[in-house]
Amino acid sequence: MRENQIDVLINEMQKLSAAIERIAGPASAVNDWSQAECFVWAPGNRHLQPVAKPNRVDLALITGVDHVRDILLDNTLRFAEGYPANNVLLWGARGMGKSSLVKAVHARVARETGTSLKLVEVHREDIATLPALMEILKAAPMPVIVFCDDLSFDHDDTSYKSLKAVLDGGVEGRPANVLLYATSNRRHLLPRNMMENEQSTAINPSEAVEEKVSLSDRFGLWLGFYKCSQDDYLAMIDGYARYYDLNVDQETLHADALEWATTRGSRSGRVAWQFIQDLAGRLRRQLDDPA
């Protein structure tokens, strides 16, 4: 009888232990910076998932945005070398290479400086977990760029407050070895109706609007991207064709590329890349990086 009571007690203790583990959630993962240059933040287990083969293009292929490209490159170089640099908001027209530029600049700087500069992507839905990520990154032995693509906030979304605190606020502030780069289709990250609603219910309406606009203000650099001209679009096409050695007569290439853009109703870096993918497929060519 006594043995049965011990067995029952052990069984109950095992159930209690399992319940505690479920409540506590998964254990924190061990993060190994040597596994990759780029990582994706997985807040569920505080893990930086290494990306073995990042989706990026060579910086030389990003054309039509020379001015902002040079500014971002210089800012990133200074940061990698240990000098003061700014958080950056890349905003503007869709498909003009904002996210591609961030990834390409990171690759160029990491390669040319020989530093262990890392890029950590944070998904939009995980913005509220930025403080937890900062706790990990501040102990990193190298500079880290935190990257959030297509950043914006909907009505009633309060996660922007976590971003504000990380950008400039809080007692600790942003770790010295961390910069934030974000892309967005709009310069002010909060929707106009959200600002107007705050204004209509505030004791001091102007202060409510300033509270919302100040989120974008905390990025030291605003880099604007605008719709490209036909010449810029064709220059992108020519650059891709040369890089991937797609031997097509230029007159034919341009005519096909313009027809492609017309069917899409726009000209942009994204449309140019989609055309090149279609062209390479028709030519039965792989779009591998040249040796």
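Bear in mind that the values here come from a model prediction, so they are computed numbers and not experimental data.

S.K.: Give me the lowdown on the overall build of the chain, citing residues and values where you can.
M.R.: Regarding its fold elements, the chain presents 10 helices and seven strands. Residues counted as buried form 41% of the 291 residues belonging to the chain. Across the chain, every contact between residues at least 6 apart in sequence was considered, and the portion connecting residues at least 24 apart equals 74%. Carbon and sulfur atoms form 48% of the exposed surface of the chain, whose accessible area is close to 16300 Å².

S.K.: Hey, could you go over the environment of threonine 129 for me, with residue numbers and the actual values?
M.R.: Within the secondary structure layout, threonine 129 lies in the loop between strand E4 (118–121) and helix H4 (130–137). In this structure threonine 129 comes out as partly exposed when scored by relative accessible area, which is 24%. With 34 residues separating them along the chain, threonine 129 and leucine 163 place their C-alpha atoms 9.2 Å apart. Once residues lying within four places of it in the same chain are set aside, the contact partners of threonine 129 are Trp41 and Pro43. Separated by 2.6 Å, the side chain of threonine 129 and the backbone oxygen of aspartate 126 make a polar contact.

S.K.: Residues and numbers for the packing of helix H8 (residues 230–243) against helix H9 (residues 250–264), please.
M.R.: Taken N-terminus to C-terminus, the directions of H8 and H9 make an angle of 120°; their axes are 10 Å apart at the nearest point. When the axis of H8 is compared with that of H9, the two are oblique. The hand of the H8/H9 crossing is right-handed. Across the interface between the two elements, Gln230, Tyr233, Leu234, Ile237, Asp238 and Ala241 of H8 pack against Gln250, Leu253, His254, Ala257, Leu258, Trp260 and Ala261 of H9. When the residues that make up the contact of H8 with H9 are grouped by side-chain class, the tally is nine nonpolar, three polar and one charged.

S.K.: Run through the pattern of salt bridges, naming residues and quoting values.
M.R.: Applying the stated criterion across every chain yields a total of seven salt bridges. With a shortest N-O distance of 3.5 Å, aspartate 66 and arginine 69 are connected by a salt bridge. In this pair, aspartate 66 and arginine 69 both sit in helix H2 (residues 66–80), three residues apart, roughly one turn of the helix. Here arginine 282 and aspartate 278 are joined by a salt bridge, their closest N and O atoms 2.8 Å apart. Placement of both arginine 282 and aspartate 278 in helix H10 (residues 269–282) is noted, with a separation of four residues, approximately one turn of the helix. Classification of arginine 282 by relative accessible area gives partly exposed; the value is 46%. The exposure class of aspartate 278 is partly exposed, given its relative accessible area of 29%. Sharing partners across several salt bridges, the network here consists of Asp66, Arg69 and Asp70.

S.K.: Before we move on, can you summarise empty space enclosed by the protein with the specific residues and values?
M.R.: Enumeration according to the criterion identifies one cavity of 30 Å³ or more in this entry. Space inside the largest cavity adds up to approximately 60 Å³. For the largest cavity, the full set of lining residues is Val122, Ile127, Leu130, Val146, Cys148, Leu151, Leu163, Leu180, Tyr181, Ala182 and Phe219. It is strand E6 (residues 178–184) that provides the largest number of residues to the lining of the largest cavity, a total of three residues. Across the lining of the largest cavity, the residue classes break down as 11 nonpolar, no polar and no charged.

What counts, and at which threshold
- Residues numbered from 1 in each chain as written.
- Predicted model: local features only at pLDDT ≥ 70, side-chain atom pairs only at ≥ 80, totals over all residues.
- Heavy atoms only, no water.
- Helix = DSSP H or I, 4+ residues; strand = E, 2+ residues; numbered from the N terminus.
- Buried < 20%, exposed > 50% of the residue type's maximum accessible area, 1.4 Å probe, protein only.
- Contact = heavy atoms within 4.5 Å.
- Areas by Shrake-Rupley, 256 points an atom, 1.4 Å probe, with all protein chains shown as cover.
- Polar contact = N/O pair within 3.5 Å; in protein donor to acceptor, adjacent residues only side chain to side chain.
- Axes fitted to C-alpha atoms, helices over the stretch in contact; angles between N-to-C directions.
- Parallel < 35°, antiparallel > 145°, perpendicular 65-115°, else oblique.
- Left-handed = near helix turned anticlockwise from the far one by under 90°.
- Nonpolar A, V, L, I, M, F, W, Y, C, P; charged D, E, K, R; others polar.
- Salt bridge = Lys/Arg side-chain N within 4 Å of Asp/Glu carboxyl O.
- 1 Å grid on protein atoms, 1.4 Å probe; cavity = no way out; pocket = protein on both sides within 12 Å on 5 of 7 lines; lining within 4 Å.
- Points joined across faces, edges and corners; volume = space filled by probe spheres on them.

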